[in-house]
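Residue-level listing of the chains:
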There are 2 protein chains.
Amino acid sequence: MTTVWKSIADTLVSEIEQGHYPAGSRLPTEAMLAERFGVNRHTVRRAIGHLRTEGLVYSRRGAGVFVLPQPVAYPLGRRVRFERNVLAAGQTPSRRLLMLESRRANDAERSALQLPTSAMVHVMEGLSFADEQPIALFRSAFPAKRFPELPKQLRERLSVTQAMQASGVSDYFRVSTKLTAHLATPVQANLLRLSAGAPLLRSVSVNADQAGQPVEYGRTWFSGERVSLFIEDEG
Amino acid sequence: MTTVWKSIADTLVSEIEQGHYPAGSRLPTEAMLAERFGVNRHTVRRAIGHLRTEGLVYSRRGAGVFVLPQPVAYPLGRRVRFERNVLAAGQTPSRRLLMLESRRANDAERSALQLPTSAMVHVMEGLSFADEQPIALFRSAFPAKRFPELPKQLRERLSVTQAMQASGVSDYFRVSTKLTAHLATPVQANLLRLSAGAPLLRSVSVNADQAGQPVEYGRTWFSGERVSLFIEDEG
DNA sequence: TTATCACAGTTGTCTAGTTGTAGATTTATT
DNA sequence: AATAAATCTACAACTAGACAACTGTGATAA
């Protein structure tokens, strides 16, 4: 015995899957859907509530119900490139810069980047989006001595790859990646538009140039819901 | 020798036939009827269940029990016009718009309307009523290129014939009609106020202008109980 | 240009009422 | 005693309406 709200939920799911309502778009209002399906608004709400728990949509009071993009498959391999990864998943990448500063390296940064004591690093913090949907929070440290112009370049282009090239590093490679699971702090949850305490995947990684010299020490917090990391074959 | 619920059913039938509860009106709630007849609610339910199988009333969970009007005779011929048909049956036609959108035509629509690949169509979905009683669910596709203003016109007038005229098609004719029988999905049943799994008559049709150019590809689901389709003589 | 405000539209929440369903129990009929 | 009819109880599912909380937009004023 199927209930009305379930069949409405099924209809909406199939319409979303057929691209009828593309990712990021707004569903018709609850009132319109109620009219269309010939039911009370509460019944539509129950169907939408189901889609919400399935992670297909999210709703904002006063604004509407919006279609969520499906989780991005994010390959971790020898070459990890944000834009390429998101594009390969069929979504549109973008970034937002939250902070950019230069300061003394802390212990972890010195160790990872093989820097002498009291060396300076440029630190960039930002958000990564796929189709307007925040998928990760990142904080990267670069050796300041080697890349004196990096802050300007990052500010202009926002792409690590391009900024590196402008600083003479034509290519770079992932030399280590450590993954752990964490719960989102309130600040992180807010930035990633998750509920506080949502699960995050934390990646701590080092990239190095062709000579093996470390050029970036990065920490990234991926939304566990929206990203599925996978290890690429090293072909 | 007669049971309690049967006599209650008889009483209700005669009251409906005497116009005590006119078509479309709501019966008193089961609780009130139980009170009135001095019986348990379930006994009233059994009587109402009988009226329902007789096609005299229909009930909507949470809303109440409503009196049904009689079925409509619907002629299918060279000129099929909803309003004319229902008026000819002595009832009052009306329509409700459920959805109106423009999108890429799918295969069936492209083929029926003789459109090139990736052509756009306007799609209208709605309900047809005779005397406030839903008799059919329809979904029509129109070539968007030829009728750029159609959505506005349909929204204003809700009459295909009038919208066509406003777009320069003074008259149109049925060029093909295919009929099949289907069972109502839960959503369809709900919209037509039928029980799920009720039989529907599905008509897939194409209308064309005087030059023979297809102008509408329509699918209509008629309630098998409330409509009897008949083929008109082509005089 | 910027800030503020008003307003309509949308989702969130609550209360109350109605029909649908399931099961157990009592009462009437044969 | 057996069986059918009716009762009783309790929820589940849906409707109906009202109001609160919030968003987005456009108008107005500084």
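Residues numbered from 1 in each chain as written. Chains lettered and ligands numbered in written order. Predicted model: local features only at pLDDT ≥ 70, side-chain atom pairs only at ≥ 80, totals over all residues. Heavy atoms only, no water.

Chain A is annotated in an unreviewed UniProt entry as Phosphonate metabolism transcriptional regulator PhnF from Spiribacter salilacus.

Caption draft 1: Seen up close, the packing of helix α1 (residues 4-17) of chain B against helix α2 (residues 30-37) of chain B. Residues and elements named next belong to chain B. Where α1 meets α2, the closest approach of the two axes is 12 Å, and the angle between their N-to-C directions is 110 degrees. The pairing of α1 with α2 is recorded here as roughly perpendicular in orientation. Judged by the twist between their axes, the crossing of α1 over α2 is right-handed. Touching Ile8, Thr11, Leu12 and Glu15 of α1 are Leu33, Arg36 and Phe37, all from α2. Taken together, the residues of the contact of α1 with α2 break down into 4 nonpolar, 1 polar and 2 charged. (Axes fitted to C-alpha atoms, helices over the stretch in contact; angles between N-to-C directions. Helix = DSSP H or I, 4+ residues; strand = E, 2+ residues; numbered from the N terminus. Parallel < 35°, antiparallel > 145°, perpendicular 65-115°, else oblique. Left-handed = near helix turned anticlockwise from the far one by under 90°. Contact = heavy atoms within 4.5 Å. Nonpolar A, V, L, I, M, F, W, Y, C, P; charged D, E, K, R; others polar.)

Caption draft 2: Structural detail: the domain arrangement of chain A. Assigned domains within chain A: domain 1 (4-67) and domain 2 (72-231). Here the C-alpha centroids of domain 1 of chain A and domain 2 of chain A sit 35 Å apart. (Domains from an automatic or database assignment.)

Caption draft 3: Main features of the protein's contact with DNA strand C. Around DNA strand C, a shell composed of 25 residues is seen, among which Arg41(A), Arg45(A), Arg41(B), His42(B) and Arg45(B) lie nearest. In DNA strand C, atoms within 4 Å of the protein come from the sugar-phosphate backbone in 66% of cases. Between a base nitrogen of DNA strand C and a side-chain N or O atom of His42(A), the distance comes to 3.0 Å. Arg45(B) is positioned such that a nitrogen or oxygen atom in its side chain is 2.7 Å from a phosphate oxygen of DNA strand C. Elements with a contribution of two residues or more to the surface near DNA strand C: α3 (41-53), β1 (57-60) and β2 (64-67) of chain A together with α3 (41-53) and β1 (57-60) of chain B. Residue composition of the surface near DNA strand C, by class: 2 nonpolar, 10 polar and 13 charged. (Near = heavy atom within 4 Å. Polar contact = N/O pair within 3.5 Å; in protein donor to acceptor, adjacent residues only side chain to side chain.)

Caption draft 4: Structural view of the UniProt feature "domain: HTH gntR-type" (unreviewed entry) in chain A. Mapped onto this structure's residue numbering, the UniProt feature "domain: HTH gntR-type" (unreviewed entry) falls at residues 2-70 of chain A. Annotated as 51% helix and 12% strand, the span residues 2-70 of chain A places its first and last C-alpha atoms 27 Å apart. (UniProt positions renumbered as here; feature names shortened; annotations may be inferred.)

Caption draft 5: Here's a closer look at the sheet that holds strand β7 (residues 172-183) of chain B. Residue and element names in this part refer to chain B. Across the sheet, 6 strands lie side by side as β4-β5-β6-β9-β8-β7; this open sheet has antiparallel pairing. Two strands in the sheet have a free side with no partner beyond their single neighbour: β4 (93-104) and β7. Across the sheet, the mean angle from the axis of one strand to that of its neighbour is 15 degrees, orientation sign disregarded. For β7 and strand β8 (residues 199-209), the ladder comprises 11 bridges, and the chain directions are antiparallel. Residue Arg174 lies in a different strand from β8, and its bridge partner there is Asn207. Its contacts with the sheet place helix α6 (residues 150-157) against β4, β5 (120-130) and β6 (133-143), and it is angled at close to 160 degrees to β4. (Pairing = 2+ DSSP bridges.)

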